[in-house]
Amino acid sequence: EPEVTQTPSHQVTQMGQEVILRCVPISNHLYFYWYRQILGQKVEFLVSFYNNEISEKSEIFDDQFSVERPDGSNFTLKIRSTKLEDSAMYFCASSPLGVPSYEQYFGPGTRLTVT
Amino acid sequence: GESVGLHLPTLSVQEGDNSIINCAYSNSASDYFIWYKQESGKGPQFIIDIRSNMDKRQGQRVTVLLNKTVKHLSLQIAATQPGDSAVYFCAELGGDDGSSNTGKLIFGQGTTLQVKP
């Protein structure tokens, strides 16, 4: 069964450093997402991406964040200058996005630790 | 603003019993709801969804009930098994009109289901 993959599984970085989190969505999916989950809290929407552009972003997704689909398979989230409060699990998701289902398939996540 | 919440942070049930996990939402215009299961160290996994024009939807051992009058959603798991132990999240499509066409999901806090053997 096809699945979303993410690398690395765990990333440790120092405050102020740039990080790039990588995702390979399911190949025939059209919509891509990033969510984050701070330890013990709920999953929060960051950004959705369709047709090579951002379709919606949350208040969390400020100028320090960017997303890119550099080729036909990868989808990346870049944090330019990490802060302590960026420490969280980051989940990539993809969906074919069609009526009647908006089912999103999530990857296993990247745990980002900012020290 | 938009918010989705669950009534209980933890639910403990005996193996073989039925489980009921509850969720309240605030946006009366919400059109679509999903239940996700998250096992330790993994990403959320789709369980079942329901549109607002339905009151009930059944899957394999799971049933979702939607009460739009009181803005309440529940997930029923029949004959709960140890493999059902996980955190369960309800989520709704975001957007002020409850029908985000970008697929943005708003998640609730999560209920941890513990299954006792």
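These remarks concern the structure in this document. From a predicted model like this one, the values you see are computed outputs, not experimental measurements.

**Examining the pairing of strand β7 (residues 62-67) of chain B**
Residue and element names in this part refer to chain B.
Right, on to step 1. Examined bridge by bridge, strand β6 (residues 56-58) and β7 share 3 bridges and lie antiparallel to one another. Each residue of the ladder has a partner; that of Q58, found in β7, is T63.
Right, on to step 2. Between β6 and β7, which pair antiparallel one after the other, the connecting turn spans 3 residues, and R61 there sits at a positive phi close to 65°.
Right, on to step 3. Bridging between β7 and strand β8 (residues 72-77) involves 6 bridges; their strand directions are antiparallel. Of the residues in β8, the one forming a bridge with T63 is Q76.
Right, on to step 4. The antiparallel hairpin formed by β7 and β8 contains 4 residues in its connecting segment, where K71 sits at a positive phi of about 55°.

**Overview of the packing of aromatic side chains**
Residue and element names in this part refer to chain A.
Right, on to step 1. In this structure the tally under the stated criterion is 17 aromatic pairs over all chains.
Right, on to step 2. Measuring from centroid to centroid gives 5.5 Å for F32 and F75, while their planes differ by 40°, and the two rings are tilted. You can see F32 sitting in strand β4 (residues 31-37) and its partner F75 sitting in strand β8 (residues 75-79), a full 43 residues away along the chain. Of the two residues examined, F32 and F75, each falls in the buried class.

**What to know about the environment of V70 of chain B**
Right, on to step 1. Along the chain, the position of V70 of chain B falls in the loop between β7 and β8.
Right, on to step 2. Looking at V70 of chain B, the relative accessible area reads 53%, which means it is exposed.

**What to know about the sheet that holds strand β1 (residues 5-7) of chain A**
All names here are of chain A.
Right, on to step 1. Spatial ordering of the open sheet is given by β1-β3-β8-β7, a layout of 4 strands whose pairing is antiparallel. Both edges of this open sheet fall to β1 and β7 (65-68), since each of them pairs with a single strand only. The mean inter-strand angle of the sheet, taken between neighbouring strand axes irrespective of direction, is 20°.
Right, on to step 2. Relative to β8, β7 runs antiparallel, the two being bridged by 4 bridges. For S66, the partnering residue across the bridge sits in β8 and is K78.

**Some thoughts on the state of the cysteines**
Working definition of a disulfide: a covalent bond connecting the sulfur atoms of two cysteines.
Right, on to step 1. By the definition in use, this model includes 2 disulfides over all chains.
Right, on to step 2. The disulfide bridge from C23 of chain A ends at C92 of chain A, spanning 2.0 Å between sulfur atoms. Here C23 of chain A and C92 of chain A share a disulfide; its torsion about the S-S bond, -60°, makes the bridge left-handed. Of this pair, C23 of chain A sits in strand β3 (residues 19-24) while C92 of chain A sits in strand β9 (residues 88-95), and the two are 69 residues apart along the sequence. Like C23 of chain A, the residue C92 of chain A is buried in the burial classification.
Right, on to step 3. Covalently, C23 of chain B is tied to C90 of chain B through a disulfide, its sulfur atoms 1.8 Å apart. Disulfide C23 of chain B to C90 of chain B: torsion about the S-S bond roughly 50°, handedness right-handed. A residue pair is termed long-range when its members are at least 10 positions apart, and C23 of chain B in strand β3 (residues 19-25) and C90 of chain B in strand β9 (residues 86-93) qualify at 67 residues.

**Remarks on the pattern of salt bridges**
Right, on to step 1. One pass over the full model with this rule turns up 7 salt bridges over all chains.
Right, on to step 2. The salt bridge partner of E44 of chain A is R36 of chain A, with a shortest N-O separation of 3.2 Å.
Right, on to step 3. When its relative accessible area of 23% is taken as the criterion, E44 of chain A is described as partly exposed.
Right, on to step 4. Judged by relative accessible area, which is 10%, R36 of chain A ranks as buried.
Right, on to step 5. As a salt-bridge pair, E39 of chain B and K42 of chain B come within 3.7 Å of each other at their nearest N and O atoms.

**So, the interface of chain B and chain A**
Right, on to step 1. Contacts between the two partners involve 22 residues from chain B, matched on the other side by 21 residues from chain A.
Right, on to step 2. Carbon and sulfur atoms supply 55% of the area that chain B and chain A bury against each other, a total of about 1,800 Å² over both sides.
Right, on to step 3. Interface area lost by chain B to chain A is led by T102, K104 and F107 of chain B, which between them contribute 28%.
Right, on to step 4. On inspection of chain B and its partner chain A, the count reaches 1 salt bridge.
Right, on to step 5. Among the ionic pairs, E56 of chain A bridges to K104 of chain B, the shortest N-O distance being 3.8 Å.
Right, on to step 6. Remark: the boundary between chain B and chain A carries 4 residue pairs in polar contact (both at pLDDT 80 or more).
Right, on to step 7. Those elements that provide at least two residues to the side of chain B that touches chain A are β4 (32-38), β5 (45-51), β9 and β10 (105-107) of chain B.
Right, on to step 8. Here the side of chain B that touches chain A takes 4 residues from β4 of chain B, the largest share from any one element.
Right, on to step 9. Broken down by class, the residue content of the side of chain B that touches chain A amounts to 9 nonpolar, 9 polar and 4 charged.

Basis of the calculations
Residues numbered from 1 in each chain as written. Chains lettered and ligands numbered in written order. Predicted model: local features only at pLDDT ≥ 70, side-chain atom pairs only at ≥ 80, totals over all residues. Heavy atoms only, no water. Pairing = 2+ DSSP bridges. Helix = DSSP H or I, 4+ residues; strand = E, 2+ residues; numbered from the N terminus. Phe/Tyr/Trp six-rings, centres within 6.5 Å; stacked < 30°, edge-to-face > 60°. Buried < 20%, exposed > 50% of the residue type's maximum accessible area, 1.4 Å probe, protein only. Axes fitted to C-alpha atoms, helices over the stretch in contact; angles between N-to-C directions. Disulfide = S-S within 2.5 Å. Salt bridge = Lys/Arg side-chain N within 4 Å of Asp/Glu carboxyl O. Contact = heavy atoms within 4.5 Å. Buried area = accessible area lost by both parts, 1.4 Å probe. Polar contact = N/O pair within 3.5 Å; in protein donor to acceptor, adjacent residues only side chain to side chain. Nonpolar A, V, L, I, M, F, W, Y, C, P; charged D, E, K, R; others polar.

Read these as geometric descriptors, not functional statements.
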